[in-house]
Every structure is written in structure tokens, then in C-alpha cells.
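Fold and contact review
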Amino acid sequence: MRRVAVLACLLSLAGVSAWAKDAPTTASGIDAAALKRHVEFLADPAMKGRRDWPSREKAAAHIAEHFEKAGLKLLPKQESMFVDTPGVKEPALRNVAAWLPSKKGPDAEYVILSAHYDHLGTKTQVQKTAEGQELKLTWTYAGADDNATGVAALLELARCFGTTGGFDRSLVFVAFDLEEQGLKGSYEWVEKPPLPLEKCAAHITMDMLGRSLADMLPGSLFLMGAEFSAGLHALASKAPEPANGKKYVIGVDLQPGRSDYVPFHEKKIPAMLITGGACTDYHQPGDVIGRIAWEHLHARAQWMHAWLPTVLNAKERPAWRDEPEPTVQEIEHLRHVIGVAKEQVPKMRGVPPVAKMMVTNFHNYLGKILEDGVVTKQERTNARNTAMALFRMAVQAQGG
């Protein structure tokens, strides 16, 4: 995800972290141990942050190997699971794709399930000591949560679904490349689609499933973007809560982040972002394996395993709508998140007094909206504008 979710910076100033616990040992459905192995492979320091080609090549090969082991098929007219864009010495980008054909045949509608596998690589900085000596410092951005966790879930879901007889819609698994460099992989996909876009019923991308929004909402699961489709929104709203966590169905326009859903929305294809939220180490060297909350990663992948078939077998194809309809549920969920911020404001450093006052006032405003039991478009617009203003203040407080 290219920028943090709403209030992630503000909440992160509290400095609270959900540190890793031992992975659960449940063997049924999603394999928790396999999730951990995938994250450990992709976020190993030897992978150097999965930005340069040699490490991205290894990551892509790992993904393709496990797609094949899962029994997935090559996409029609493709000679490999690598969907490359040619470059001078190596591919300019490499998406990895395979599919589980529908039980209705290869020409049926399809749903894309994706996760991006690249990250930020390494960064070197030269600093001078008090004595004038130069020191070269190098940091590795391992990207354990962003987005080794999403890829791990993708691979486990491929394993779980790969041996089934298929669903009413085909399921296309895609690991997108270069999300961190302007969503290049997903933009390339929609501009040069390996499958007809008119048959794409929905796109669902998983980005950051191993921690939570500013490490403040353990087990939280944000379902974002479905507001542009009444059918997809209904499926998200009716879904159960994740184990030991809470589900938030909130509009993707209530946060300034960008992930691989964007190119699909621009093509008016219903698309969702499934995320735990940006953690306190978002795009920092601290996003490492040891800070993943394994039990929550497992629960979120299990949730996807249970929920995804409802999209694949939905009687009606999700239809696009240009404007989201305001809902009481969205305001309730947003107010709960703001309530967490309100509790943490007194503990925060560097937050201007006006921001602290705005959080309290915003929480009260959302409460007044809920008293009426109806949300107008203007009230939703006001909520969005205030949430974005708080985000900007949080960035400024951090010196961003």
C-alpha cells in the first residue's frame, strides 16, 4: 500500500505495538505454519526488500512454484505463469498469474484475487561523526507485513482452493509486481489484460494482513472499496467477524492510501482492498518478521477462505456504481476507529492541540449522525473531509 490508511500516523504516535506471538498450530483449512514459512522466505534479509530484480525474480519463482503445487492452471494462451513486460536486460515487471477454471467452463466470468509481492529494497545514507569521519549506513526494508503477509495468504488460498472442482466463476490468482512503484503491475494488467476485462466480475486484493492499523486494533479487518458496488457491498456487510477481531466495512475514499484496486476502479470494475491497516512500521525498516501477529494473519486468511466462495458463487454479478451510498454501518465503523484515536490522544506527543480537539469533536459529530438513523450524502462528505484533515495533521506532526 503506497500511503498509510486514515489516522494511521496519528494513532501510531501513541507508540503501542502488537508484538508477534507463536503461530497457531491448526492444521485444518489454512495452514498457519505454511503462512509463516512464506513470510519468512519473502521477508528474509537475504531478499533485500524485494525491490531489485534478482530478489523480485526469486520471489516470483517462489510464487509460481506454489501456484503449480496447488494444481492451478496456466491462463489461456499463456506459456508460463510469468506475465512479463519486456525490458532491456530483464523483465521491466513480472506479474505471476494462474487460475482455477469455473465448473461452468473456461469462458465463464472470473474473479481476481491478488497481492503485491514487491517492496522498497534497501536504502543507504552517509553520515558524519563528530570527528568528521564518514559512516555509510544501510537499512533493509523487509516488508514483512507489506506485503509478504498478503502473498502468504494468496499462496495458502491457492493451495486450499486449487484441488476443488471449481466455482460458478473462475478464480484467477495474481501476484502483482511493482505496486510500490506506482501500481505498475496492476496498471499493466488492466491495460494489456491476459483475460477479457468484460468478464471480470470483481477484483479483491490483500495488502498487509499481519498487523493492524497503527498496531492499535489487533485482529481488525478492513473491507474497503465495496461501496462502488451494491452487490459486493452486501456480500461484505453480511460477512461474519474474523476470529478474535472486528470487521470494518469502510469506504476506500476515507483514507489516502493506494493499492492495486485503483486501476480496476478506474475501469469501473468492482474491487476491494482487504487489509489489517498500516502498522506503526509502515514503509520503515521495522516492518520485520518478528513483529507479525501470526494468530491474526491466520484468522484473516481463514476469513478469506470462508468468504471468497460467496463472491465466486453469487447469483448476481456485482454491478458497478459511480457514487457510494451512505450507510449507517460505515459511520458506526468509522466512529469505532475514531473512538480508539480519542482514547489515545492524551498519550500522544507532537500532536497539535487543534488535532486533539478535532478528534473529540469528530467522534461526537459521528455520534450525532447515528442518532438520526439516516446518513445523508453531505454528512458522509463531511466525515470524509474531516478524516482526511486529521490525516494531514498527523503527517505534519511526524514531520512528513
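Just so it is clear, the model here is predicted, and its values are computed rather than measured. (Residues numbered from 1 in each chain as written. Predicted model: local features only at pLDDT ≥ 70, side-chain atom pairs only at ≥ 80, totals over all residues. Heavy atoms only, no water.)

**Points about the overall build of the protein chain**
Scanning the protein chain for helices and strands turns up 11 helices and 10 strands. Expressed as a percentage of its 400 residues, the buried residues of the protein chain come to 56%. In the protein chain, the proportion of contacts linking residues at least 24 apart, taken out of those at least 6 apart, comes to 83%. By element, 51% of the accessible surface of the protein chain is carried by carbon and sulfur atoms, the whole surface being about 16,500 Å². (Helix = DSSP H or I, 4+ residues; strand = E, 2+ residues; numbered from the N terminus. Buried < 20%, exposed > 50% of the residue type's maximum accessible area, 1.4 Å probe, protein only. Contact = heavy atoms within 4.5 Å. Areas by Shrake-Rupley, 256 points an atom, 1.4 Å probe, with all protein chains shown as cover.)

**Some points on the pairing of strand 7 (residues 200-206)**
With seven of its seven residues buried, strand 7 lies for the most part within the structure. Pairing analysis gives five bridges linking strand 3 (residues 110-116) to strand 7, with the strands arranged parallel. Its bridge partner being in strand 7, Ile112 is matched across the sheet by His203. With four bridges joining them, strand 7 and strand 10 (residues 271-275) adopt parallel strand pairing. Note on strand 10: the bridge partner recorded for Ile204 is Met272. (Pairing = 2+ DSSP bridges.)

**Thoughts on the side chain of Ser212**
Along the chain, Ser212 turns up in the loop between strand 7 and strand 8 (221-224). There is a polar contact of 3.4 Å between the side chain of Ser212 and the backbone nitrogen of Met216. Contact partners of Ser212, with chain neighbours within four places excluded, come to Leu217, Pro218, Ser220, Gly276, Gly277, Ala278, Cys279 and Arg300. (Polar contact = N/O pair within 3.5 Å; in protein donor to acceptor, adjacent residues only side chain to side chain.)

**Let's talk about the side chain of Arg169**
Relative to the assigned elements, Arg169 resides in the loop between helix 4 (144-162) and strand 6 (170-176). Accessibility expressed as a relative area gives 5% for Arg169, which makes it buried.

**Considering helix 5 (residues 184-191)**
Taken residue by residue, helix 5 has Gly185, Ser186, Trp189 and Val190 as its buried positions. Along helix 5, the residues classed as buried sweep out an arc of 125° about the axis, all on the same side. Of the surrounding elements, those touching the buried residues of helix 5 are strand 1 (82-85), strand 2 (93-100), strand 3, strand 6 and helix 7 (262-266). (Arc of directions from axis to C-beta.)

**Structural notes on the sheet that holds strand 1**
Reading across the sheet, the eight strands line up as 1-2-6-3-7-10-8-9 and stay open at both edges, with mixed pairing between neighbours. At either margin of the open sheet sits one strand with a lone partner, and together these are strand 1 and strand 9 (247-250). Sheet twist, expressed as the mean angle between neighbouring strand axes with direction ignored, is 20°. Relative to strand 9, strand 8 runs parallel, the two being bridged by four bridges. Bridge pairing links Met224 to Ile250 in strand 9. This element, helix 8 (residues 294-312), spans strand 3, strand 6, strand 7, strand 8 and strand 10 of the sheet and lies at about 175° to strand 7. (Axes fitted to C-alpha atoms, helices over the stretch in contact; angles between N-to-C directions.)

**Concerning the pairing of strand 3**
Within strand 3, seven of the seven residues are buried, which leaves it mostly tucked inside the rest of the structure. Every second residue of strand 3 is oriented toward a common face, with Tyr110, Ile112, Ser114 and His116 on one face and Val111, Leu113 and Ala115 on the other, all of them buried. Strand direction decides the pairing type here: strand 3 and strand 6, joined by seven bridges, are parallel. Residue pairing in the sheet places His116 in a bridge with Phe176 of strand 6.

**Observations regarding the confidence of the model for the protein chain**
It should be kept in mind that the predicted coordinates are not to be read in detail where pLDDT is low. For the protein chain, the mean per-residue pLDDT works out to 89, and 90% of the residues sit at or above 70. Every residue in residues 2-27 is under pLDDT 50, and counting partners more than four places away or in other chains gives 87 contacts. (pLDDT = per-residue confidence, 0-100.)

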